[in-house]
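# Coordinates in review
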Amino acid sequence: MYSIIAAPPQEPPPETCSQGHRSTLILPTAEGGSICLLCLSNLLSNPKSPTVHVSYALSQLSQALSQPQFLHSLLTFHPHFLIPPLVSLLSNFDDEPIAKQTIDLIQTLCDGSSSNCNRNQEVRNEFVARVSDCLSSGSLAWSRRQMYMLHCFGVLLDNQDSNLYTSIKNKDALIFNLVTGLQLSNDEIQGEIMFVLYRSSLLHYTYMDDSGTDFLLAYCPKLLHISLDILMKTQSDDVRLNCVAFLTVLAQRGLFQSACSNISFEADNFMQTTEHVIDGPSLEVLFAEAVKGPLLSSDIQVQIATLDLIFKYLSLEEVSGKERQAFIEENVADYIFEILRLSGSRDSIVNSAVRVLDLLSNDEQTFRQRLAIGFSTLVPILRYVAEIPFQPVQCHLLKLILNCVTNCPGVVSTSSGEELSSILSGMFKKHIDGDIGILPETFTLSCSIFVAIMKCTSSRGNPSLAASIEDASRSAISTCLSNIHFSTDQILHCLYLLKEAYAYDQESNFPVSSKVGLRFCVVDILKSKILPWFVTTIHDMEEEDVVLGVIETFHSVLHGSIVEGKNLAESLCSSSWFSSLFGCLGLFPTEKMKWRVYMIFSSIIDVLLGSDSGQPIRDSTFRLPSDPTDLLFLLGQKSSHNPELFDCQSAVLLILYASSLYTDRIADDKLVLSSLEQFILLNSNNLLCGASASVTVEILVNLYGFYRGSAKMSYQLPYSPEAERILFQLLAEKEWDSLSTKIHLTSLGWLFQQEKLCKSLADQILKFCRTNPLIANDVVLDHEISHKVDLRVLAELIASENNFGAMILVCLLGDLVENGCQEYDMISVLKACTKIIEIAPAASDQFCMHGIDVVLQNIYNYSTYSFPELFMASSQLALVILKSARSESMSTNEAWTGITMKLMDYLIPTVDSDGWTEEVLTIIGILSLILHHSTNEALIEASKIIVLNVPLVSTINTAIFEACSKGHALFDHDEGTRTGEVLIFVLLLLFFSMRSLLTILPGIIDFQTLLDEGNERQPLSYVSIRCHDLCKLMHFGSAPVKLIASFCLVQLFTGISESTSTEPVNFKFRQGYLLSISSVLEGLIFFGDVRVALNCSRCLSTLMTWKQLKIESMDVWCRLIVEELVMSLSTPSVTSKSFMIHHKPAANIASALLKLGKAPSWMNSVFDDSSVRSIIHNMSASNLSTELVALFRELLVSGHLNSAHIADLNRVFQIFNFPLSHYPQTL
């Protein structure tokens, strides 16, 4: 090719080419050759040039342009030289490779020009101008050369620069030719044209000034129809993508609406030629049909672009419901749901699709059916979207689901409802710590969806859904309350969710046997979360709607189940609910707030006091003031001729009464008391005449007593004696019963401190005892919860002493006996007194101080044989009094003596005729306790009657003889058998009798008689038992019998020791008698009950001091006991807690042996140096006992401790805070 000269690099470039062109047009290449631009231009511009030469020249030029120096020289000195030949080359050759090479060279030159200094876009602009002129002229018709030119134009326009827009001269002709070319059924041409239209329209609308003419507007209808028709028919994703891009630009400019508005355009001739196109389907229908194909494309980019086109179109303000309806009717929504189903939850697809569906949902009526069909697709998408905080379409998707669940509840199956609730519950749980990760709108929509699901028919009786709702409710409340930036809508929707959750758990949804527990959960949330938050933040709230929402939610639960409603009402009142809501009235003094506050007050009173108790508040709501001080002012008015005022006063008294029950003061005590007194003084006639059925005398007196009692406890407040007199007169003339109402303890205490009310209170107590089933069932309520008077309240009141409670009960019981009333009344009061003492034992002292013994004596005189049930009830009361009362409280008169005689008169014949009945055993218990009090110098005469009663002595001896005669069979008779029970009671009587005898009749006991064991024993003249019989019972008896018999034996040996210490006595025993006693005692040293073992060790220690006993006979057994003790104390692994309790009996034996005048010789080897040292080393705070210290004392006295042992002991005692000063005689 003559225009291209190749030479060795060492030769300088020629001054001219072979054609004689000047050297300024010849540019050297890096390879050493050169290119003559003029020769190249002539070759490219000549249509007859061989394609091989042209292709080779283009390749050489491309290679040279890749060299920076060549490119720089070309663009610096000859930037426009090659533009005409390259453009003409595209129009002269119908050769695709050459066209591709040419377009690449043009793009290279344009890109190089953009980066070359100070040249900018001039080269590109000229190319654009020449190519656009060529396309505008239509000279190439629609040949392949036109397509190459079109493609080049698109490549040139793929650069956002304003100069390119101005470079296009004949825009109208260009558009006209492009629109004409669109009508060709060639995907490749249509795709190229669409891209050119897209890029040119972008340039046009980007850089067009305000006064500029929109050249596309004239061709809008035709262009839109053709574009949509191409989009609908083409199968090429490239064409679709370019077409969608162009339509997106038109949609953003509002040209779709312009086309639909039948605007008159200037291109009349053009329109006339295309009427058949426009007369087809409406533009919106054509649009809807056209997007279906791209929506189902396998190219995600095409799908996303199409969805964005639809979104931009539907987002325009000019788009009406008609256009949306067309998309819905043409099933576009179904295609979008299918895209979502197949999307694999890809974020870009999901975002674009959901945004379009959200816009379509604005036409609710038409879209409803489509949404119902696609509902099953939305739920899995929600699971993906819910995992991403602040996901862009979270709210849109939730709104779609809410619309579907609300408008089409039938599509929500049980499984889909469970899945939805699980997803939403998980969303709430993620943000339970208060971190900002969920939008307020997302939060409120989620709450609304939960509510909508609960209202679906398929949700009834679904425990899994109920569990999710419970979790969601707790999480939602925690999320909302832990976020200091929560919105009003959030808290209101939370409350709405709670209210509907409570309503969801009802019998119509769940069977009675199903224990869902959702109601309990809601009440728990209200009590533990909402209530504390509300009470603490009430004064900082700025939104009245939040306060109203909280009150309304509590109000709705109060009207639910009786149990939950009462539970919640008590929690509200315990949290100063009344004073808190009056604070709300101060913050938001509106009629709506006042109505809501007084309505919930009335409902609380209904729940606490009974149905319709709060009706006066409801009747007077709009007449009641908002300020508590103004409420009290109403009480100071006379209302005899003003029914409306009296209703208001009744409402005020109910509010004061309910709040006072929970010590919730809504106003100053002094002001309230003064207002109550004014009410009593001015309206006493109304009260006496019974003008009010709602406000009873009980409410008034309980309220008055509360403030009078509060004043007395804290500080003295002045009060009106006249008001008190009128109130007492009212109480005397009318029937009233405060014990059957809810009453504060302060008020109850004040009433029982008023002597003038004792008669009325006695009648109320009698009524309480008659009608209160708790006395029989032994059930006691908690007054802090119920505020009802029960046995515990009365017991604590009487035990507090500063009242007339005990006196009232004693006098009531005395009056019943004196007047010969029904035995049932006496039995009820007796049982009440018994239960009171069992609850509060200190109350027994109060009963004794007010003469209960005299009343009991009268009852025994009245009922001993005639009324067994009354006799038993009085015996039970006597038993608990003697058990609980202090001996100092026992009366010194003869009442207890008379009672004892009556009991003795009943006891003996009954045992002879009926045996040991329950009544007899109860009497034995009473006699035992009387004897117990005699040791404290009380009830001496009564005790003497008992211990010296010959028939009783005979009965006791007979019972003991029968028990001893059973031998080994006695072991089977424990407290569970009648014989064992009788024996236990008899032994208890004997124990207390032996203790009492030493106090009241110290010289009467003949210990020799008690120690006799022959067949011809002298009969006993007092209640006691022989040593031999006790040993039999200890040897053969059951564990309880062994225990009590061992205590009796200790008491006997104690008496013997005390007797012999003052006056030496020489007891006579047969040979072997003491040995038999010691054998029994030795055998029980290791008994399981340590109390029995300790008692036996004490008796055995005493027995060792008797000279009649030969210690040598016990030597083997005693050595075994002591050696076992030493081994256990010196072995660390053996000294468990249980052993350190059971070592005490053996320690007593060891101490007793060391005390003997001549200790056994083996003691020295047992307590050798190593053993003692090991015992001391093994001592700890847990095993250190009095018995062990006593043993060390005897070891010291007997010389078994050396100085090292003593030093170690001192150190141990100091470590364990066991000072030796407690035992000065030891070391």
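The paragraphs below set out a description of the structure included in this document. It should be emphasised that the depicted structure is a prediction, and the values quoted were computed from it without experimental measurement.

### Focus on the overall build of the protein chain
When you go through the protein chain residue by residue, the secondary structure sums to 64 helices and three strands. For the protein chain, buried positions account for 56% of its 1227 residues. Restricting to contacts in the protein chain with at least 6 residues of sequence separation, those with at least 24 account for 73%.

### Notes on helix H40 (residues 758-771)
Spanning 14 residues, H40 covers 20 Å between terminal C-alpha atoms, matching the ideal 20 Å at 1.5 Å per step. For H40, the full list of buried residues reads Cys758, Ser760, Leu761, Ala762, Gln764, Ile765, Leu766, Phe768 and Cys769.

### Quick look at the packing of helix H28 (residues 518-537) against helix H30 (residues 562-574)
At a closest axis distance of 10 Å, the pairing of H28 and H30 adopts a crossing angle of 5°. Accordingly, the angle class assigned to the pair H28 and H30 is roughly parallel. Between H28 and H30, the residues in contact are Arg519, Phe520, Val523, Leu526, Lys527 and Leu531 and Glu564, Asn567, Leu568, Ser571 and Leu572, respectively. Looking at the contact of H28 with H30 residue by residue, the class counts come to six nonpolar, two polar and three charged.

### So, the environment of alanine 57
Examined against the element boundaries, alanine 57 turns out to sit in helix H2 (residues 51-65). For alanine 57, a relative accessible area of 1% translates into the label buried. In this structure, the C-alpha to C-alpha distance between alanine 57 and leucine 43, residues 14 residues apart in sequence, is 8.5 Å.

### Some details on a negative patch on the surface
A contiguous patch of negative charge, built from Asp489, Asp540, Glu542, Glu543 and Asp545, is present on the exposed surface. Looking at the element boundaries, glutamate 543 is found in the loop between H28 and helix H29 (544-558). We classify glutamate 543 as partly exposed; its relative accessible area is 40%.

### Side note on the nonpolar core
Of all hydrophobic cores here, the largest spans 416 residues; its most connected members are Phe601, Phe847, Leu987 and Leu1033. Non-local contacts of leucine 987, meaning those with residues more than four positions away in its chain, are made with Ile960, Ile1025, Leu1030, Leu1033, Val1041, Ile1044, Ala1045 and Cys1048.

### Observations concerning the environment of glutamine 678
Among the structural elements, glutamine 678 can be located in helix H36 (residues 669-688). For the pair glutamine 678 and leucine 632, spaced 46 residues apart in sequence, the C-alpha to C-alpha distance is 10.0 Å. Glutamine 678 has contacts with Leu635 and Gly636, leaving out every residue within four places of it along the chain.

### Digging into unusual backbone geometry
The phi dihedral of asparagine 331 is positive, around 65°, even though this residue is not glycine. Relative to the helices and strands, asparagine 331 is located in the loop between helix H19 (321-329) and helix H20 (332-342). Using a relative accessible area of 27% as the deciding quantity, one classes asparagine 331 as partly exposed. If you check the backbone angles, phenylalanine 390 has positive phi at about 55° while not being a glycine. Tracing the backbone shows phenylalanine 390 in the loop between helix H22 (364-386) and helix H23 (394-407). The class of phenylalanine 390 is partly exposed, set by a relative accessible area of 39%.

### A look at the packing of H40 against helix H45 (residues 823-839)
For the pair H40 and H45, interaxial distance at closest approach is 9 Å and the crossing angle is 90°. Comparing the axis directions of H40 and H45 gives the class roughly perpendicular. Residues Leu766, Cys769 and Arg770 of H40 form the contact with H45, whose participating residues are Tyr824, Asp825, Ser828, Val829 and Ala832. In the contact of H40 with H45, the residues fall into five nonpolar, one polar and two charged.

### What to know about the side chain of glutamate 192
With respect to the helices and strands, the residue glutamate 192 is situated in helix H10 (residues 187-207). Nearest to the buried, unbridged glutamate 192 among oppositely charged side chains is arginine 144, at 9.8 Å. Each residue touching glutamate 192, except ones within four places of it in the same chain, is listed here: Met147, Leu150 and His151.

Cut-offs applied
- Residues numbered from 1 in each chain as written.
- Predicted model: local features only at pLDDT ≥ 70, side-chain atom pairs only at ≥ 80, totals over all residues.
- Heavy atoms only, no water.
- Helix = DSSP H or I, 4+ residues; strand = E, 2+ residues; numbered from the N terminus.
- Buried < 20%, exposed > 50% of the residue type's maximum accessible area, 1.4 Å probe, protein only.
- Contact = heavy atoms within 4.5 Å.
- Expected span 1.5 Å × (residues − 1).
- Axes fitted to C-alpha atoms, helices over the stretch in contact; angles between N-to-C directions.
- Parallel < 35°, antiparallel > 145°, perpendicular 65-115°, else oblique.
- Nonpolar A, V, L, I, M, F, W, Y, C, P; charged D, E, K, R; others polar.
- Patch = residues over 30% accessible without salt bridge, like charges linked within 9 Å, V, L, I, M, F, W, Y side chains within 5 Å.
- Areas by Shrake-Rupley, 256 points an atom, 1.4 Å probe, with all protein chains shown as cover.
- Salt bridge = Lys/Arg side-chain N within 4 Å of Asp/Glu carboxyl O.
- Lys, Arg positive; Asp, Glu negative; His and termini not counted.
- Charge placed at Lys NZ, Arg CZ, Asp CG, Glu CD.
- Core = buried A, V, L, I, M, F, W, Y, C linked by side-chain atoms within 4.5 Å.

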